[in-house]
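Fold and geometry: a report
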Amino acid sequence: MDKQAVIERVCEEIRERLGNKYDIEDIRLEKNKKNNGIIAEGIVVKIRGCNTMPCIYTDRILQVSDEMLLDKAIDRLIIELGKAIENSLNAELSSDIRLEKSRDRIILALVNKEKNSELLEGCPHIDFNDLAITFRLHFKLSGLNASSLIDNCLANAWGLNTEDLWNLAIENSVRDFPARIERLDKMLIRMGGAMMAREPGVMDNPFFVVTNSSMFFGASTLLYKEVPEDIYRAFESNYYILPSSVNELIVIPECVCNDRDLLKGMVESVNYSLESPTEYLSDSIYYYDHDRNVISIA
């Protein structure tokens, strides 16, 4: 069965199985540009009276060749779509994006500069080594964190420049997503990875994880004014910063490991094993010099 036939079949089943419950206005295939230039193709469903359009990505079903497995994949996809529609209908996101309704929801997000070069042309941002500081509008969907990129069009409509956005975003991020600096072994135990935490390479070294309270674009906590100094005080040493994803960083004191090739290999290994390429941040390693109070590429 070719791609077009599969897509038509999924759309038909969506109308048949969900059409009685929801007033489906339109179903169409769309390509969405995500972080790191990733293009994801999905089926978008417009529900009459709903401001957001749920999207289910088709890569899983298009890779299935067995007819029976395809039936199961489509079934799971439609169940997920039903949940997404409920989330959209119950969304806390207001269609009112006037500045007075949005200013407290502007937050920071660190992304890779090269992989997002095209995207960055259309949005306010600040260069940070080989990364870029972007600004996002945070909202909740059924209690889960979600966000959308603030582009030039929206910033101009608000009458905000990059400095204005930075001042709002840093205040909101520090308040709503406070930094969390935690030893790697303790974090793994807290998250249920006790066996991994007992590995000699983890237990014998004071590796720390730096993220925020929600692990949501947690790498941006490195931009909080007090965080670099807080990490330094924990180590009493300058340190290296390993970007494990857009959601968290690993920091290693210079007095424990000063082998930059080894550390760079660790970063590349972590990036290779990422579940989603949209979470990739960088293959670089960074160094914090306390005397100069500077973070730079090592």
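For the structure itself, look to the data block above.
Thresholds applied
- Sequence order as written defines the numbering, with residues in each chain counted from 1.
- Local features in this predicted model are restricted to residues of pLDDT 70 or higher, and side-chain atom pairs are both shown and tallied only at a pLDDT of 80 or more, whereas totals for entire chains, interfaces and linings draw on every residue.
- The side-chain figures draw on all heavy atoms in the structure; neither hydrogens nor water molecules are used.
- The helix count covers DSSP runs of H or I at least four residues long, the strand count covers runs of E at least two residues long, and both are numbered beginning at the N terminus.
- In this scheme, a residue with accessible area under 20% of its type's maximum is buried, one over 50% is exposed, and one in between is partly exposed, where area comes from a 1.4 Å probe on protein chains only.
- Cavity and pocket criteria rest on a 1 Å grid covering protein atoms alone: a 1.4 Å probe that fits but cannot get out defines a cavity, protein on both sides within 12 Å along at least 5 of 7 lines defines an open pocket, and an atom within 4 Å of a point defines a lining residue.
- Grid points are joined across faces, edges and corners, and a volume is the space filled by probe spheres set on the points.
- Under the scheme applied, nonpolar residues are Ala, Val, Leu, Ile, Met, Phe, Trp, Tyr, Cys and Pro; charged residues are Asp, Glu, Lys and Arg; polar residues are all the others, including Gly.
- Residue types Ala, Val, Leu, Ile, Met, Phe, Trp, Tyr and Cys, when buried and joined through side-chain atoms within 4.5 Å, form a set referred to as a nonpolar core.
- Any two residues having at least one pair of non-hydrogen atoms within 4.5 Å are treated as being in contact.
- To pair, rings of Phe, Tyr and Trp, with the six-membered ring standing in for Trp, must have centres within 6.5 Å; the planes then decide the type, stacked if under 30 degrees apart, edge-to-face if over 60, and tilted in the middle.
- A strand pair is defined by DSSP finding two or more bridges across the two strands.
- Lines are fitted to the C-alpha atoms to define the axes, a helix being fitted only along its stretch in contact, and any angle between axes, read from their N-to-C directions, falls within 0 to 180 degrees.
- In this analysis, a patch consists of residues with relative accessible area above 30% that form no salt bridge, clustered at 9 Å for like charges and at 5 Å for the nonpolar side chains Val, Leu, Ile, Met, Phe, Trp and Tyr.
- Values of accessible area rely on a 1.4 Å probe in the Shrake-Rupley scheme; residue burial ignores everything except the protein chains shown.
- A side-chain nitrogen of Lys or Arg and a carboxyl oxygen of Asp or Glu constitute a salt bridge if their distance falls within 4 Å.
- The charged-residue count follows a simple rule in which Lys and Arg add positive charge and Asp and Glu add negative charge, with His and chain termini not counted at all.
- In plain terms, the charge of a residue is placed at NZ if it is Lys, CZ if Arg, CG if Asp and CD if Glu.
- Any angle between 65 and 115 degrees counts as roughly perpendicular, while under 35 counts as roughly parallel, over 145 as roughly antiparallel, and the rest as oblique.
- Crossings are classed by handedness, with left-handed meaning an anticlockwise turn of the near helix from the far one by less than a right angle and right-handed meaning a clockwise turn.

Observations concerning the environment of D230
Within the secondary structure, D230 is located in helix α11 (residues 227-235). Residue D230 is classed as partly exposed on the basis of its relative accessible area, which comes to 28%. Residues D230 and I181, spaced 49 residues apart in sequence, show a C-alpha to C-alpha distance of 8.6 Å.

Brief notes about empty space enclosed by the protein
To locate leftover empty space, one rolls a probe as large as a water molecule over the atoms. The full count for this structure, using the stated rule, is two cavities of 30 Å³ or more. Of the pockets and cavities examined, the largest cavity occupies roughly 40 Å³. What lines the largest cavity is L110, F128, L131, L222, P243, L249, L281, Y286 and I295. Considering only residue class, the lining of the largest cavity consists of nine nonpolar, no polar and no charged. One number sums up the size of the second largest cavity: a volume of about 30 Å³. Lining the second largest cavity, in full, are I107, L108, S173, F177, N212, F216, F217, S220 and Y224. Taken together, the residues that form the lining of the second largest cavity break down as six nonpolar, three polar and no charged.

Looking at the nonpolar core
The biggest cluster of nonpolar side chains holds 41 residues, and the ones touching the most others in it are I106, I150 and W158. Ranked by the residues each element gives to this core, the list is headed by strand β4 (residues 106-112), at five residues. Those residues within four positions of I150 in sequence are excluded, and the remaining contacts are I106, C123, P124, F135, R136, L137, A155, W158 and L165.

A short note on the packing of aromatic side chains
Counted by the stated rule, this structure contains six aromatic pairs. Between the aromatic rings of F208 and F235, the centroid separation amounts to 5.1 Å while the plane-to-plane angle is 85 degrees, which identifies the pairing as edge-to-face. Of this pair, F208 sits in strand β9 (residues 208-212) while F235 sits in helix α11; the two residues are 27 residues apart in sequence, bridging distant segments of the chain. For the pair formed by F208 and F235, the shared burial category is buried.

With respect to the sheet that holds strand β11 (residues 249-253)
On the basis of which strands lie adjacent, the open sheet formed by six strands has the order β8-β9-β11-β10-β12-β13 and antiparallel pairing. Looking at strand neighbours, the two that pair on one side only are β8 (179-183) and β13 (294-297), the edges of this open sheet. Ignoring strand direction, the axes of neighbouring strands in this sheet form an average angle of 25 degrees. In terms of strand pairing, strand β12 (residues 286-289) meets β13 through four bridges, oriented antiparallel. In the strand pairing of β13, D289 is matched with V294. Docked against the sheet, helix α12 (residues 260-272) engages β10 (239-243) and β11, running at close to 20 degrees with respect to β10.

Structural notes on a negative patch on the surface
Negative charge collects at one region of the surface, where D2, E8, E12 and E16 lie side by side. With respect to the element layout, D2 can be found in the segment before α1 (3-18).

Looking at the pattern of salt bridges
For the structure shown, the criterion picks out 16 salt bridges. Across the salt bridge formed by R17 and D75, the nearest N and O atoms sit 2.7 Å from each other. Of the two residues, R17 sits in helix α1 while D75 sits in helix α3 (residues 67-89), which places them 58 residues apart along the sequence. A relative accessible area of 38% means that R17 is categorised as partly exposed. Classification of D75 by relative accessible area gives partly exposed; the value is 31%. A salt bridge links R98 to E100; the shortest N-O distance between them is 3.7 Å. Judged by relative accessible area, which is 46%, R98 ranks as partly exposed.

Thoughts on the environment of L120
Mapping L120 onto the fold places it in helix α5 (residues 117-120). Accessibility expressed as a relative area gives 6% for L120, which makes it buried. For L120 and A132, which are twelve residues apart along the polypeptide, the C-alpha to C-alpha distance reads 8.3 Å. Beyond its immediate chain neighbours, meaning those up to four positions away, L120 contacts V111, K113, H125, A132 and T134.

Brief notes about the packing of α1 against α3
At a minimum axis distance of 10 Å, the contact between α1 and α3 shows a crossing angle of 50 degrees. Classified by the angle their axes make, α1 and α3 are oblique. The two elements α1 and α3 cross, and the hand of that crossing is right-handed. Counted together, V6, R9, V10, E13, I14, R17 and L18 of α1 and E67, L70, D71, I74, D75, I78, L81, G82 and I85 of α3 form the full contact between these two elements.

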